[in-house]
Amino acid sequence: MKNIKKALAGFLAGILTLSCSVTTLNDANANDELNSFAKTKNNLKSKNKDSFWQDQIIYFVFTDRFSNGDKNNDFNVKANDPWAYHGGDIQGVINKLDYIKDLGATTIWITPPMDNRDTAFKADFGGGRIQDMYGYHGYWFKDFFAVDEHLGTMAKLQELVTKAHSKGIKILVDIVVNHLDYDHPFAKDKTDPKGKYYPWFNHEGKIHDNEWSNQWKVEHGELAELPDLNQENPEVYDYLLKASKWWISQTKADGFRIDTIKHVGHNFWKKYTNELHSFAGNDFMLLGEVYEPSSESVAGYINDGLDSAFDFPLYYQIKEVFGQGKSMRQLANFLKKDSLYPNSNMLSPFIDNHDVPRFLNEAGNNGVRKLKSAISLIMTVRGIPTVYYGTEIAMPGGADPDNRRDMEWTRKNDDVSSYMKKLTAIRKKYVALRRGNQLEMWQDDQIFAFLRSTENSSDDVITVMNNSDQSQTRTIKIRAESKMEDGTRLQNLLGTDAIIVNNKSLTVTLSAGETKVFAASAGKK
């Protein structure tokens, strides 16, 4: 086993767990199953995926750390070791479906359920520190065609999908196609030019710290020295496509969350997304992780055929503007890049996730107030909001693995949880927040206001946000695109106050760090 070198120790926290492995397909009936599934899907009338995926609210469950529903699969569990299994499983997610639904979420993204390595990986952090790391995160596959025994069985995963669907909840399964585990059987041929699988890998060495701006190296180099698959090899492509189709046909999930998008070339994504949609239907969601601060980069992969991508560029703005108190002009001007996307309502804004420190870790003073501002933004701005488990109870957490603590079921923060539930209910009620256009109304260093509107002006919703530590009052002009007339009474949906449109303007007063969401109607589905 190859150790991670000292130079990569700091990189491990955010990258090391983004790995996978694959093996040969052992199910002799797999081809028949895939063909049968494809025929079934092709006989169904495809919906417009934009119309219903825009309506979703995603809740990200880190399966091993969420809920232990079956003690019988607690293999290698070391609850006090942050790098080991903690016992969370698919049954635990099933048990908490009503909890997730009560939050207002309509889609659950689970970490990869594929069978992972049984032994620990020994990582060298330098200075004599050798750390055992287990595949609790799900990204170190030893078998691409089986459910990990720590999580349950395929039957249990199918039960999760069925029961979630019965409650109106969709399921996204996490998947990786970029690389393999260090000790995967195929990887043994990586350094042997005569080996059967030698052509399956790129042989350009690790991605060095000074090479992240070199896109060719990012695609062909080894992420944290993980064996990097050569997707340009037709055998590799066919293998990954077949495995992906198998998970779709077996689980009946509603989509994939796809890892490490930028480490695989554009030509692969164009072909892969087209073939998966042909197989599973255009409704099948392909939600990509493009870990990039560049909107131009994210838009490029969406144009390859992804349905959506996590809005990492917006994540950095949320962290800096709300977490660090930077100017609201920065956020407002950033959102002007939405024109780069075919439909910015299909992006997925988020506050934090399993690869970055939790928001509260970096927010400083008044952290919960700032967190509520961030929540109000992702629930009212364009896009499909994703909420990381525990955000609703203001869970703290630093860099990986501290950001992957066990869900604290006894922890209560009614201020945040009730606020989130109120916002998810508002988002569901008002079509403009899910499918409407987004138009800026005001920006300065402290205040940002925007309109979400549809063709029906009675559905208009206006969000006004104060990012300062003092009360602020502004008189804001109504957009010309809105047919909102003088005398219209606008209710603050997050409070009990209301304002009246006067001279085609709104005069709004907000307390320190407050957000107000105004609407004139009861909202329509």
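Just so you know, these numbers come straight off a predicted model, no measurement behind them.

Calculation criteria
Residues numbered from 1 in each chain as written. Predicted model: local features only at pLDDT ≥ 70, side-chain atom pairs only at ≥ 80, totals over all residues. Heavy atoms only, no water. Salt bridge = Lys/Arg side-chain N within 4 Å of Asp/Glu carboxyl O. Helix = DSSP H or I, 4+ residues; strand = E, 2+ residues; numbered from the N terminus. Buried < 20%, exposed > 50% of the residue type's maximum accessible area, 1.4 Å probe, protein only. Phe/Tyr/Trp six-rings, centres within 6.5 Å; stacked < 30°, edge-to-face > 60°. Lys NZ or Arg CZ within 6 Å of the ring centre and 35° of its normal. Core = buried A, V, L, I, M, F, W, Y, C linked by side-chain atoms within 4.5 Å. Contact = heavy atoms within 4.5 Å.

Notes on the pattern of salt bridges
Evaluated as defined, the whole model comprises 32 salt bridges. Across the salt bridge formed by R369 and D469, the nearest N and O atoms sit 2.5 Å from each other. Remark: D469 occurs in the loop between β14 (461-466) and β15 (472-477) and R369 occurs in helix α15 (residues 367-380); sequence separation between them is 100 residues. In this structure R369 comes out as partly exposed when scored by relative accessible area, which is 25%. Note that R411 and E408 form a salt bridge whose closest N and O atoms lie 3.3 Å from each other. Each of the salt bridges in this network shares a partner with another, and the network as a whole consists of D174, R257, D259 and E289.

Topic: the packing of aromatic side chains
In this description, a pair of aromatic rings is defined by centroid distance and the angle of the planes. Across all of its chains, the model carries 35 aromatic pairs by this definition. Centre to centre, the rings of F145 and Y239 are 6.1 Å apart; their planes meet at 85 degrees, and the pair counts as edge-to-face. Taken as a pair, F145 in strand β6 (residues 141-147) and Y239 in helix α9 (residues 234-251) lie far apart in primary sequence, 94 residues in all. The same class applies to F145 and to Y239, which are both buried. Sitting over the face of the ring of W53, K170 holds its NZ or CZ atom 5.7 Å from the ring centroid. The aromatic ring of Y237 is capped on one face by K271, whose charged end is 4.4 Å from the ring centroid.

Comments concerning the nonpolar core
Among the nonpolar cores identified, the biggest contains 141 residues, and Y59, F144, F256 and Y272 are the most heavily contacted of them. Among the elements that take part in this core, α9 stands out by supplying nine residues, more than any other. Setting aside anything within four residues of it in sequence, one finds F256 in contact with L172, V173, I175, S244, W247, I248, Y272, L276, F284, M285, L286 and L287. Within the second largest apolar cluster, 17 residues are counted, among which are L451, I476, L490 and I499.

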